[in-house]
Every structure is written in structure tokens, then in C-alpha cells.
Amino acid sequence: MSAHRGDDGLRRVLIVAYEDAQILDIACPSGALDIANRYGAEPPYSVELGTLGRRAARSSAGILVGAGQSLEAVTGRLDTLLVVGGIGCEDAAADERLLGQVRRLATHSRRVASVCTGAYVLAAAGLLDHRRVTTHWGWGDRLAERHPAVAVDAGPLYIRDGDVYTSAGVTSALDLTLALIEDDHGPTLARAVARELVTHLHRPADQAQISVFLAAPPPEDRLVRDLTGHIAGHLGEDLSPAALAARAGVSSRHLTRLFNAHLGTTPARAVRVARTEAAAHLVRSSALSLAAIARRCGFGSPETLRQAFLDHYGVTGDSIRRMPDMPAARATREQKTSGP
């Protein structure tokens, strides 16, 4: 898809901010696009921050962010219109002046995007009707209730529906921006930017916002906390329930009770999900063969890994590598009822 360039030949990106915006929602996209320029993005990005009346916006962290553009004064074609989120999103979504400018600017933009609860503003502007979108997991139900014409899925990190991109909370802004860079310039530049940012991996779009180890955190149980850390760092080793129980010094039956109580799943299923998610990362971010990935992540064979992908995502690893976006993980209920 061709870029919408400004008169200076740059790929124009306008970030829309407001009072009590989340500063990371501004910093992640602008920082990543700046690095993309330094690594040779062609055409390069021109990043502008705009507010109503060009007023400085105080972020929710208390840091005053100066705007370079008055939204009312922005004219011409935009490549990307990106609305940030933050605790001020509801006031922003109720501001008819802001909504009017967002609607106007969207008609002159190749694509429209939101970070986190910036989806509230896009939804209030009528730009998300009849689209599948995401937002921060803690705000999804409220967004769906207020805008029944919007198909809210608060599970994935980010979603593309046509020329509209929405992303989950805060740091998923980085995942979204890397995806935009990859769409514009290919995976080589996106991975170079990710390396410069010292982010471990470019996470797939529909990876769950909350992993199995974060969905039910065990702050009061040191044993479960230690074992989940051990699992994440030793995926290629023996992580059978018996081995984990021996490491913890408890019986396999007691270990299962602990995992069910603190993670809502069994040790075997927790290990399988951790291995599958790590393997999906490697499929999307590396040129390793499925056989090499299977070995690294503790699967006995490429066929076992393919079956894990089918159980977890509903597609094979080869399909994941070819698809522009990751398929969504199957519902939690299905994961819990699948075999270990």
C-alpha cells in the first residue's frame, strides 16, 4: 500500500493527545518511528504531536507534553492518524470538538490507529462501527457496552481490521508500531528497530494480552512463583509434573492443587501453553526451522509442535509464519480442556 506523503515527501504520522494521556502511548510510537528513520525507512516518517488549540497536555504521570500542531490547523493528507489512550480517554471521548477533528483528519488518512483506550475516542467518533477492535483488557467490557456496534475483543495485543488498527494497553503500542513499520517497509527493518529498542521479540498481533502466568498471579505462593519462573527460563528441559514436583519438594498431587489454585490450570497445561507461546514468538521473529524451534522450546518433534499450534491457535506453524497477523488463541475454556 502506497504511503500518503506530505509536500516534503515524508510519511506523515499525526499522534493525537489530550489531558491525562498515557505518556508511554506517545513515547513508544514516536520513539520506534524515529529509530526506523535512522535505520533507513524510505520514505521516512514525519511524526507530529497534535492537540486541540496546540495546548500542552499534562500526561497522567504529571509530565507536561508540548504539542507541535493544533489539530484544527492540520491540513493535507496523512499517512497515519494515531490516537493515544490514558485515564483521560473518557473526557476526550466526550469532547465534541476533539471528535470532530478526529473525524475530519481520519478522512484524509491512509490508516487510523489507536493505542490502549484511545479506542474510546475512535469509537465515540464513529470510526469503529462494525469493526473488530481491541483495547486494554480492563476497559474492554465498558467499551462494548457503550458502543454495541463495535466488535470488541480485549484479548489480542493488536488488531487490524481493514485500514483501522487498534492495540491493547500501554507497551503494546510498541508491538503495534513495529507491525506498522513491517507493513510499510518489511520485516527486516522492523526487526532492526526491535533490536535497537532492546525488546526481546516482536510479539504476534493476537498473542493474548495476559499470559497464563500473568492471568492469575501467585504473589502469596513462593513455590508457584518460583516454578513459573523456572518454566519460562528452561523450556527445553524436563518440565514434567514429576520433575517440577521433585524440584519443589512436594508431591505431584499437591503441585497440581497449587497450580489449579493459583494459575487456574494444571502444571502440564501451563508448561504446554508457555512452550507454545514461546514457539510462536520464534516462528514470527526468526528464520529457524520448525524442527529447531521444537527442540528449543521442549517439543519432542515438529509434529508435536504443529499439534500444539493447532490446539492453541487453530492453525499450523507454517501458517503462522505466512500470515500477516497471528490468529487469536483459542478460548481459555478450550485451552483448559485440551490435553497436556
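Structure: above.
Residues numbered from 1 in each chain as written. Predicted model: local features only at pLDDT ≥ 70, side-chain atom pairs only at ≥ 80, totals over all residues. Heavy atoms only, no water.

Can you explain the overall build of the protein? Please cite residues and give values.
Within the protein one finds 16 helices and eleven strands. Of all 340 residues assigned to the protein, the portion counted as buried reaches 51%. About 15100 Å² of surface is accessible on the protein, with carbon and sulfur atoms providing 50% of the total. (Helix = DSSP H or I, 4+ residues; strand = E, 2+ residues; numbered from the N terminus. Buried < 20%, exposed > 50% of the residue type's maximum accessible area, 1.4 Å probe, protein only. Areas by Shrake-Rupley, 256 points an atom, 1.4 Å probe, with all protein chains shown as cover.)

How would you explain the sheet that holds strand 2 (residues 45–51) if you had to name every residue and give the values?
Backbone hydrogen bonds are what pair the strands of a sheet, in a parallel or an antiparallel way. The strand order across the open sheet built from seven strands is 5-2-1-6-7-11-10, with neighbouring strands paired in mixed fashion. Edge strands, defined here as strands with exactly one partner in the open sheet, are strand 5 (69–70) and strand 10 (158–161). As paired elements, strand 1 (residues 11–16) and strand 2 share six bridges and run parallel to each other. By the bridge assignment, Val-13 is partnered in strand 2 with Val-47. Along the sheet face, helix 6 (residues 172–185) touches strand 1, strand 2, strand 7 (109–114), strand 10 and strand 11 (164–167) and points at about 160 degrees away from the line of strand 7. (Pairing = 2+ DSSP bridges. Contact = heavy atoms within 4.5 Å. Axes fitted to C-alpha atoms, helices over the stretch in contact; angles between N-to-C directions.)

Describe the packing of helix 1 (residues 23–38) against helix 6, and please don't skip the residues or the numbers.
The axes of two packed helices give the description: the angle between them and the distance between them. Running from N to C, helix 1 and helix 6 cross one another at 35 degrees; their axes reach a closest spacing of 8 Å. Crossing hand, helix 1 versus helix 6: right-handed. Where helix 1 abuts helix 6, its residues Cys-28, Pro-29, Ala-32, Leu-33 and Ala-36 lie against Ala-173, Leu-174, Thr-177 and Ile-181. Counted by class, the contact of helix 1 with helix 6 contains eight nonpolar, one polar and no charged residues. (Left-handed = near helix turned anticlockwise from the far one by under 90°. Nonpolar A, V, L, I, M, F, W, Y, C, P; charged D, E, K, R; others polar.)

Hey, could you go over the packing of aromatic side chains for me, with residue numbers and the actual values?
In total, this model carries two aromatic pairs according to the counting rule given. Ring plane angle 40 degrees and centroid distance 6.2 Å describe the contact between Phe-309 and Tyr-313, whose orientation is recorded as tilted. Within this pair, Phe-309 and its partner Tyr-313 are both found in helix 14 (residues 302–313), separated by four residues, close to a single helical turn. Here Phe-309 matches Tyr-313 in class, with each residue buried. Here the guanidinium or amino end of Arg-111 rests over the ring plane of Tyr-165, the centre of that ring lying 5.9 Å away. Directly above the aromatic system of Trp-139 lies the positively charged group of Arg-142, at a separation of 4.6 Å from the ring centroid. (Phe/Tyr/Trp six-rings, centres within 6.5 Å; stacked < 30°, edge-to-face > 60°. Lys NZ or Arg CZ within 6 Å of the ring centre and 35° of its normal.)

Lay out the nonpolar core in plain terms, naming residues and giving numbers.
Grouped together as the largest cluster of nonpolar side chains are 63 residues, with contacts concentrated most on Tyr-18, Leu-98 and Ile-181. Take this core: its biggest share by element is seven residues, from helix 6. Residue contacts for Ile-181: discarding those within four places in its chain leaves Ala-32, Leu-33, Ala-36, Tyr-45, Gly-186, Leu-189, Ala-190 and Val-193. Judged by nonpolar contacts, the second largest core, of 30 residues, contains Phe-259, Ala-279, Ala-280 and Ile-293. (Core = buried A, V, L, I, M, F, W, Y, C linked by side-chain atoms within 4.5 Å.)

How would you sum up the pattern of salt bridges? Please name residues and give values.
If you walk through the whole model with that rule in mind, you get 18 salt bridges. One salt bridge in this structure joins Arg-110 and Asp-184, with 3.1 Å as the shortest N-O distance. Linking Arg-110 in strand 7 with Asp-184 in helix 6, this pair joins segments that are 74 residues apart in sequence. The pair formed by Arg-110 and Asp-184 is uniform in burial state, with each residue classed as buried. Across the pair Arg-160 and Asp-183 runs a salt bridge, and its minimum N-O distance is 3.8 Å. With Arg-160 in strand 10 and Asp-183 in helix 6, this pair connects stretches of sequence that are 23 residues apart. You can call Arg-160 partly exposed: its relative accessible area is 36%. Salt bridges sharing common partners tie together Arg-11, Asp-79, Arg-110, Arg-111 and Asp-184. (Salt bridge = Lys/Arg side-chain N within 4 Å of Asp/Glu carboxyl O.)

No statement about biological role is implied by the geometric values presented.
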